[in-house]
Amino acid sequence: MQPGAGGGAIRVLNVAEKPSVAKAVAEILSRGSMQSRAGRSQYNRVFEFNYAINGRACRMLVTSVTGHLMELEFEDRFRRWHSCDPADLFHAPVRKSVPQDKQAIKQTLEEEARRCQWLVLWLDCDREGENIAYEVIEVCTGANSHLNIYRARFSALIAREIHESMQHLGRPNKLFADAVDARQEIDLRIGASFTRFQTMLLKDAFVIDVTGDDRNLVLSYGPCQFPTLGFIVERFWEIQAHEPEEFWTINCTHTSDEGTASFGWIRGHLFDYPSALILYEMCVQEPMATVQNVRNQEKFKYPPYPLSTVELQKRASRYFRMSSERTMKVAEELYQAGFISYPRTETDNFSPNTDLHAIVREQVEHPVWGAYADRLLSPEERLWRNPSNGGHDDKAHPPIHPTKFSRGENNWSPDHTRLYELVVRHFLACCSQPAVGAETTVEINIAGEQFNASGRVVLAKNYLDVYRFDSWGGTLLPTYNIGQQFVPTTLTLDSGVTRPPPLLAEADLLSCMDKAGIGTDATMHDHIKKLLDRCYATKDENTRFSPTNLGEALVMGYDEMGYELWKPYLRSMMEADMKSVSIGTKSKSEVLESCLQQMKACFLDARVNKAKLLDAMGTFFARSSRPINETQNPTEVVRPCAVCRESEMVLKQRQTGGFMVGCRGYPQCRNVVWLPGSISEASVTNQVCPICTPGPVYKIQFKFRRRDIPPNFDADHLGCVGGCDDILKELMEISRFGSHSHTATPARGQTPNGVRQGAPRQDLHTNFRPAGQLNNENPSVMHSQGFRSTHTQNPSNASGQVLCTSCGEPCINRIANTEANRGRKFYKCQDPGCGFFKWEDELDNATPRGRRGRGRGSSRQAPASASAGRRGGSQARGRRGRGRNADGGMFVSATGDPVSGCCFTCGDPSHFANACPNRR
């Protein structure tokens, strides 16, 4: 849009993204004749001068922000880590506001905007810059709603670009800003919920000394950060899974007066030694080689495409071993000083309107590559070739190219010099003819086996003369003619072994991220740095990455859950949705709703399966003896409150370690359900009970301490607190009257039974029935298979396999990696949800594997009642008994161990005194 001419002088407020850019723009537009004064912020000055826009006199005021002016955050009541259930963060209210440390910049903008008629935005010309532009617009229009708003679009801080942009102002793009808003909100909600979840779950459960201050450790999760870590871990697992395999190949050489040719076997190699040996002996017995074909052809090595941001980072990593973070920092400084164009661009083709010859002409005086630049411009040399089109155009910036000549500045570091050289040489190379070579391929036959050799001669180096980072060598072959015969000088059968792939180098990691659409060209280096800062990965001197134990454990845990949160697919789809918002094919609200709904479902499932994450962490880290704070088990909604009908009933863990389901309206509403003290873990699932009302009533995944419940109950139970779950009722009854673990002193205001005095109570054990009655009366609440004691079954079978005592399946053998037990072998169930665990040396010391519990002298005899399933069981359960019953079965304690004894009232071994019929 062209601002019209006519009228009096107008005041124009110009806002740049950084103080250095504001100063550079002001110096170019004012031609050095400007006034400078302080703003409210000491770092963001205001420059004033006169200028004409399309012939209209203007009083220009140029100032700046420092990146984003606003921050997106949750409302205060959701900002503290323990203030809410992390799942609430997927829909908790958020706000975008100016933080305290940028209030001075805001005041400067408001004061200057009140006295201006126009607002011209000089933010970076990408999505992020457009989002910052709308933050500036919000502040400035809040002070002056009559501002006429324009957008300056530029790619380099040079006079030609800045003056051209000023005379051809446009309008800001709201779609670009919306795309960034959507991405910020998605990243905030997903990152905060998963970060709180895994930090509170794992930090105090394990000794994770990776930073030296594990109390302040944050186990962060980022939608881009985790897929980036996934690439590193996946390559690491490929290397670990690799099994070297020996192979054999036949090689031969031929030396003549013209030199030596090395011929390779067409088969490559064979893994079967006898087959390779037979073929080799055939060649040795008939060694005469016959030339079957000679091919001569012209070959070209083409120069690179114009330079994009990702390619700049990859090449700086390969050529200089410079990190992507350092590369972008140096490139930004070169850009702000006017030496290169804007360094954040996806474009790899030049516009036909770009004056490429003018850019080359500026480099003619350079002492190193100036002579090549002069040759490039000479028509007689015929070296010029228009750059190839790489196929990417972000419609915002051209490829990275030099914008100002320099022999090297005094304040440049070696990295500045190297990166500037790379940008200049790359630009000169992409404007050059490809290298030309002549390639010869000779094919020979020895005893029916085919071999070939290749040689190359470079005829014209062309772009290779300036682009010293590429090479294209070759060997010169002797002359051969079809039908020619000769006896090889050497004929050998050589062996080798297959090698695993190397660790991911930074350039390769950037390529993986780029192909998968993880992050943007401007943020990829930030995601890599975050992995190093969080101690999820390390980088060696060759810029190759390895996962740390912490990084591998987190990926392993989510992988065991079956969710590919560490894979790039989810984030790739999100990035595609952001692009759709930026071009207007999808709305911001549509993308937010679909992405957050999908990720919340993943989050809820991950929380249900958190045992797998704990199991993965336990492979690498020792358990901590620190008590887990109650607030580290945030409240989880179970059901609407049936008493007050206003709040929700939530699952909480008390300071004593016990669990309860209480109303959020406390103390106004005192509705509460006290859960058994034998519960060690509890988490709300997304499964809704189809019976209980008012609903929805979400089922809870319980994990009971095995020693605190009878042996014919499962330690893991998916239960309902709505009143329909008879199994939970019985366990609560046992906990109320027979548990030996409830020895803690009741909290003040509680009765010994754990009921808070004066509180309405939903008592789940009023309909208590013995276990035998449940099988016939309430089959719907029973598990699909019988419950087994985890202590009375034999852990091994006759074949020597160690069997899980819960599910009966063969266990897997692993090696511990914790500091206290490194190298020690253990057995665990293949089912990640099963808690079976046994050290191998404990098995070996106890009973020979495969004979446990079967040979003479076995120390334990599993009773039939203990191993029988609950479905169809006819014997009464009984509590911690001693002695044998009338059928000859042995009583077992709550741990499943056989004990001896009898009733001390009547002496009968079939019952205890508390069940004696003679007791008075």
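As a starting point, this report considers the structure included with it. No experiment lies behind these values; they were computed from the predicted model shown.

Thresholds, definitions, all that
- Starting from 1, residues in each chain are numbered consecutively following that chain's sequence as written.
- Since the coordinates come from a predicted model, pLDDT governs what is reported: local features require at least 70, and pairs of side-chain atoms require 80 or more to be given and counted, while whole-chain, interface and lining totals use all residues.
- Side-chain calculation: all heavy atoms of the structure are included, whereas hydrogens and water are not.
- What is meant by a nonpolar core is a set of buried Ala, Val, Leu, Ile, Met, Phe, Trp, Tyr and Cys residues, joined one to another through side-chain atoms within 4.5 Å.
- Exposure classes here rest on a 1.4 Å probe applied to the protein chains alone. A residue is buried below 20% of its type maximum, exposed above 50%, and partly exposed in between.
- Each helix is a run of H or I in the DSSP string that is no shorter than four residues. Each strand is a run of E no shorter than two, and both are numbered from the N terminus.
- The contact rule is simple, with two residues in contact once any of their heavy atoms fall within 4.5 Å.
- Within the patch definition used here, like charges are joined within 9 Å and nonpolar side chains (Val, Leu, Ile, Met, Phe, Trp, Tyr) within 5 Å, considering only residues with over 30% relative accessible area and no salt bridge.
- Accessibility throughout is a Shrake-Rupley quantity obtained with a 1.4 Å probe, and a residue counts as covered only by protein chains that appear here.
- Definition used for salt bridges: Asp or Glu carboxyl oxygen within 4 Å of a side-chain nitrogen of Lys or Arg.
- Only strands that DSSP links by at least two bridges are regarded as paired with each other.
- Note on geometry: axes are C-alpha line fits, over the in-contact stretch for helices, and angles between N-to-C directions span 0 to 180 degrees.
- Between 65 and 115 degrees an angle is taken as roughly perpendicular, under 35 as roughly parallel, over 145 as roughly antiparallel, and anywhere else as oblique.
- Note: crossing handedness is left-handed where the near helix turns anticlockwise from the far helix by less than a right angle, and right-handed where it turns clockwise.
- Each residue is assigned to one of three groups, with Ala, Val, Leu, Ile, Met, Phe, Trp, Tyr, Cys and Pro labelled nonpolar, Asp, Glu, Lys and Arg labelled charged, and all others, Gly among them, labelled polar.
- Given the number of residues in a helix, its expected span is that number minus one, multiplied by 1.5 Å.
- Here, the arc refers to the directions that run from the helix axis to the C-beta atoms.

**Side note on the nonpolar core**
It is characteristic of soluble globular proteins that their nonpolar side chains tend to be buried jointly. In this structure, L29, M60, W122, M166, L419, F427 and L428 are the most contacted members of the largest nonpolar core, which totals 69 residues. With 9 residues, helix α13 (residues 414-430) is the largest single contributor of residues to this core. In contact with L29, other than residues within four places in its own chain, are F49, Y51, M60, W122, I162, H163 and M166. In this structure, I186, F226, L554 and V581 belong to the second largest nonpolar core, which totals 63 residues.

**Brief notes about a nonpolar patch on the surface**
Taken together, the side chains of V457, L459 and L476 present a nonpolar region at the surface, about 300 Å² in accessible area. Position of L459 among the secondary structure elements: in strand β13 (residues 449-460).

**Side note on the pairing of strand β19 (residues 648-653)**
Bridging between strand β18 (residues 636-640) and β19 involves 4 bridges; their strand directions are antiparallel. From the neighbouring strand, V637 faces β19, where its bridge partner is V650. As paired elements, β19 and strand β20 (residues 659-663) share 5 bridges and run antiparallel to each other. Following the sheet pairing, Q653 is matched in β20 by F659.

**Describing the environment of P93**
As for its placement among the helices and strands, P93 is situated in the loop between α2 (76-79) and β6 (94-97). Sequence spacing of P93 and R77 is 16 residues, and the spatial spacing of their C-alpha atoms is 9.7 Å. If sequence neighbours within four positions are ignored, P93 has contacts with F74, E75, R77 and F78.

**Some words on the pairing of β20**
Taking burial as the measure, the 5 residues of β20 include 5 buried ones, the bulk of the element. Burial of β20 is two-sided: the residues F659, V661 and C663 facing one way and the residues M660 and G662 facing the other way are all buried. A loop of 5 residues connects β19 with β20, the two strands running antiparallel in sequence, and G657 in this loop sits at a positive phi of about 100°. Where β20 lies against strand β21 (residues 672-674), 3 bridges are found, and the strand directions are antiparallel. Opposite G662, over in β21, you have V672 as the bridge partner.

**Things to note about unusual backbone geometry**
Between T693 and P694 the backbone carries a cis peptide bond, its omega angle lying at -5°. Inspection of the secondary structure puts P694 in the loop between β22 (679-688) and β23 (698-704). Even without glycine at this site, R31 takes up a positive phi of about 55°. Along the chain, R31 falls in the loop between α1 (19-30) and β2 (35-37).

**Overview of the packing of helix α10 (residues 324-336) against helix α15 (residues 524-533)**
The interhelical angle for the contact between α10 and α15, taken along N-to-C directions, is 135°, at an axis separation of 8 Å. As judged from the angle between their axes, α10 and α15 are oblique. For the pair α10 and α15, the crossing hand works out as left-handed. Residues S324, E325 and M328 of α10 lie in contact with α15, whose contacting residues are H525, I528 and K529. Residues belonging to the contact of α10 with α15 are distributed by class as follows: 2 nonpolar, 2 polar and 2 charged.

**Some points on the sheet that holds strand β12 (residues 435-446)**
Spatially, the 7 strands line up as an open sheet ordered β14-β11-β12-β13-β10-β9-β15, and their pairing is antiparallel. Every interior strand has two partners, whereas the edge strands, β14 (485-486) and β15 (490-497), have only one. Alignment of strand β11 (residues 289-301) against β12, held across 12 bridges, turns out to be antiparallel. Bridged to K301 within β12 is A435. Those strands touched by helix α8 (residues 273-285) are β9 (246-256), β10 (259-265), β12, β13 and β15, and its axis lies near 170° from that of β15.

**Examining the sheet that holds β18**
If you trace the 4 strands from one edge of the open sheet to the other, you get β18-β19-β20-β21, paired in antiparallel fashion. With partners counted over all chains shown, the strands left at the sheet margins are β18 and β21, one partner each. Shown here is a sheet whose adjacent strand axes are inclined to one another by a mean of 25°, direction ignored.

**Structural notes on the pattern of salt bridges**
Under the defined criterion, the tally for this structure stands at 48 salt bridges. D181 is paired through a salt bridge with K588; the nearest N and O atoms lie 4.0 Å apart. Remark: K588 occurs in helix α18 (residues 588-608) and D181 occurs in helix α6 (residues 174-202); sequence separation between them is 407 residues. Taking the shortest distance from any N to any O, the salt bridge between E234 and K567 comes out at 2.6 Å. Placement of the pair is E234 in helix α7 (residues 225-241) and K567 in the loop between α16 (549-561) and α17 (569-583), with a sequence separation of 333 residues. Residue classification places K567 among the buried residues on the basis of a relative accessible area of 12%. If you follow the salt bridges from partner to partner, you end up with E17, K18, D124, E332 and R344 in one network.

**Let's talk about α18**
Under the 1.5 Å per step criterion, the end-to-end length of α18 is 30 Å for 21 residues, consistent within 8% with the ideal 30 Å. Where α18 is concerned, the buried positions are V591, L592, C595, L596, M599, C602, F603, A606 and R607. The buried residues of α18 occupy one face: seen down the axis, they fall within an arc of 130°. Across α18 from its buried face, at more than 90 degrees, point the exposed residues E593 and Q597. Its buried side turned inward, α18 meets α6, α16, α17, α19 (610-620), β18 and β22.

**What about the packing of helix α4 (residues 127-143) against α6?**
Between α4 and α6, whose axes approach to 8 Å, the crossing angle comes to 95°. By the angle between their directions, the pair α4 and α6 is classed as roughly perpendicular. Contacts between α4 and α6 involve R127, E128, E130, N131 and Y134 on the former and, on the latter, K174, F176, A177, A179, V180, D181, R183 and Q184. In terms of residue class, the contact of α4 with α6 is built from 5 nonpolar, 2 polar and 6 charged.

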